[in-house]
Amino acid sequence: MRGIHVRPQTLTRVGLLLVIAVASVSTVVQVTGQTVRGARARGTVVQGEHGTAAVGPHGAAVKGDEGYAAVGRRGAVVHGDDGTAAVGRRGAVVVGEEGHGAAVGRYGGVVVGNHYEDYEGWRVAAGVAAGTAIAVGTMLSRPPAGAATVVVGPTSYLYSGGSYYTRVVTGGAVAYQVVAPPAGAIIATLPGGCGAARVGAVTYQRCGNTYYERVATGYRVVVF
Amino acid sequence: MSTHHASGFAMMLAVAMMVTGACGTRDKRARGEDLLKQTSFRIASAQALSVATDETSDRLARDGKTRQVHVQRLVTVRRPDRLWFKTSGDRNTEGFYDGAQLTLLFHGEKVFGVIPTPATLDETIQTVSERYDIPLPIGDLLTSDPQKSYLSSQTTGGWEGEDTIDGKRSARLEWRHPNVDWTIWIPDSGEPLPTKLWVNYKSRNRKTTVLFKDWNLMPRVSDAMFQARIPDDYEGVAVIQRASAVLPPDAKPDATPASDVTPGSPK
């Protein structure tokens, strides 16, 4: 979601679903050109150039040019140009415009997207250069060549070129779906295009929207 | 022959041809339905059954190329709520349905997925196909009323000829439907158990040819056969559902109770 904008009436409806998600959602909401920190008590609403974010005792809601999201204790609802996601305590259902949805629980990832044969097929269709990070939600029938296995807790991912893939079952076969970088994943070397970024008193490596901290065995994904 | 008489004769001939054609169509339909009814009754009367198939599927991929998948499948059913299948060839999978859930094992990738299912095989076959978009080309044959599953008010077609399939002379029944065209071959003699099936899922750009062999309507089965056996080193993964099955197209996300989301994950 690029920008954020919240309509009061939307927030009111969504607020009924939400219960104190401030801590879990994040106390840092990025808005174009602005940042809201530590929203507490009665809540905070911030409007930026491309949208608005609202964080309050019953949860958080954002709406931008490309969709909106609401997150609460009992779950989250996200809607964007590419589909809709509803995430609850027992799992998630994600719907894409291509007619497929994902049901995701403790073993799976989130979001759904278009399905391609492999990375090269996606790259050609997207018209981008080799090495470009692939969009979250995209599914591949075959994993990228040379992808490394990254294990986080009970779940294994594949990592290649800055993107993380989880395995899902779709149409009766296993596919490889791009997911947001999982917190705690450790990679040996950073992808290209990263730079130092300071958050509070700590300096991280920022690669796109992903933050990494240096650890003994490489770089660990940090999710704020 | 005057012009008047000539035109009258032509009209009569045309009417006669139309009537004959209509009768022919009705005959073919009735003949096809009769054969399918025999097949349906025979399969439905079996409390348990097993069959081996040879399946070739052509799927039009997003890049415009056709992908072909060839599998051999073993299927065992026990009515009303048990199913086991195993495929080899291009896909090394196994499925266990125990009346509560369908567990899918992908031996090549060492992963498994679990689908919560209805209590009967009939409903489960429908759920797996429509909600999870998992193709079960022979699924309708395994239900308690295959003919009802196959023929709807929108289905047209019937008996269209005979072919020899795997050495057996078989009637060819061709059926058309807005969403799916299919042809089934049923032997002229002996048990009316299909020898071949061809299905064209028009809306899904997928065509499948199935060759049947080794029908057994009295297989020896046990409860254990339908209990999922998941190797310790297999990882559970999410099973994707079709969007149309999850939310209506115009659904507003803020009207969806997030906590009521159906999990598609195992355990």
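Residues numbered from 1 in each chain as written. Chains lettered and ligands numbered in written order. Predicted model: local features only at pLDDT ≥ 70, side-chain atom pairs only at ≥ 80, totals over all residues.

Points about the overall build of chain A
Per the secondary structure count, chain A includes 3 helices and 21 strands. Expressed as a percentage of the 224 residues in chain A, the buried residues total 45%. In chain A, the share of contacts with a sequence separation of at least 24, taken over all contacts with a separation of at least 6, comes to 46%. (Helix = DSSP H or I, 4+ residues; strand = E, 2+ residues; numbered from the N terminus. Buried ≥ 20, exposed ≤ 12 C-beta atoms within 10 Å, placed from the backbone. Contact = placed C-beta atoms within 7 Å.)

Brief notes about the overall build of chain B
Each helix and strand in chain B was counted, giving 5 helices and 13 strands. Taken over 267 residues, chain B has a buried fraction of 36%. Intrachain contacts of chain B at a sequence separation of at least 6 include 49% that bridge at least 24 residues.

Topic: unusual backbone geometry
All names here are of chain B. Geometrically, the link from R79 to P80 is a cis peptide bond, its omega value of 5° lying close to zero. Relative to the helices and strands, P80 is located in the loop between β2 (66-78) and β3 (82-89). Although it is not a glycine, K110 sits at a positive phi angle of roughly 55°. Here K110 shows up in the loop between β5 (101-106) and β6 (111-116). The class of K110 is partly exposed, set by 14 C-beta atoms lying within 10 Å. The phi dihedral of D133 falls on the positive side, at around 60°, and the residue is not glycine.

Some details on the environment of W185(B)
Residues and elements named next belong to chain B. Relative to the helices and strands, W185 is located in strand β9 (residues 180-187). Judged by the 23 C-beta atoms lying within 10 Å of it, W185 falls in the buried class. Sequence separation of W185 and T164 is 21 residues, and the distance between their C-alpha atoms is 9.1 Å. If near-sequence neighbours (up to four positions away) are discounted, W185 is found in contact with D163, I165, S170, A171, R172, P194, T195 and K196.

Focus: the sheet that holds strand β19 (residues 202-207) of chain A
All names here are of chain A. The antiparallel open sheet is built from 5 strands, whose spatial order is β17-β21-β20-β19-β18. Unpaired on one side and paired on the other, β17 (186-187) and β18 (195-199) mark the two borders of the sheet. When β18 meets β19, the two strands line up antiparallel, connected through 5 bridges. Bridging from a neighbouring strand, R198 pairs with T203 of β19. (Pairing = 2+ DSSP bridges.)

Comments concerning the confidence of the model for chain B
Looking at chain B, the pLDDT average stands at 86 and 82% of residues meet or exceed 70. As scored by the predictor, the complex reaches a pTM of 0.71 and an ipTM of 0.80. (pLDDT = per-residue confidence, 0-100.)

Some thoughts on the sheet that holds strand β11 (residues 206-216) of chain B
Pairing is mixed across the open sheet formed by 12 strands, whose spatial order is β7-β8-β9-β10-β11-β1-β2-β3-β4-β5-β6-β12 (chain B). Because the sheet does not close on itself, it has two edges, and the strands there are β7 (156-165) and β12 (235-236) of chain B.

Details of the nonpolar core
Core analysis: the largest hydrophobic core is formed by 74 residues, its most contacted members being L140(A), Y164(A), V169(A), L83(B), V128(B), I138(B) and L173(B). With 5 residues, strand β16 (residues 173-179) of chain A is the single largest residue contributor to this core. Sequence-distant contacts of L140(A), defined by excluding residues within four places in its chain, comprise Y116(A), D118(A), Y119(A), W122(A), A175(A) and Y176(A). (Core = buried A, V, L, I, M, F, W, Y, C linked by C-beta atoms within 7 Å.)

What about the pairing of strand β4 (residues 93-97) of chain B?
All names here are of chain B. Where burial is concerned, most of β4 is hidden: 4 out of the 5 residues are buried. The pairing of β3 with β4 spans 4 bridges and is antiparallel. What sits directly across from K86, in β4, is E94. Linkage of β3 to β4, two consecutive antiparallel strands, is achieved through a turn of 3 residues. Bridge count between β4 and β5: 5 bridges; the pairing is antiparallel. Within the sheet, the bridge partner assigned to T93 lies in β5 and is F106. Counting the residues that bridge the hairpin from β4 to β5 gives 3 residues, and of these G99 lies at a positive phi of roughly 95°.

A short note on the environment of Q68(B)
All names here are of chain B. Tracing the chain through its elements places Q68 in strand β2. For the pair Q68 and R206, spaced 138 residues apart in sequence, the C-alpha to C-alpha distance is 9.7 Å. The residues contacting Q68, other than those within four sequence positions of it, are T56, S57 and D58.

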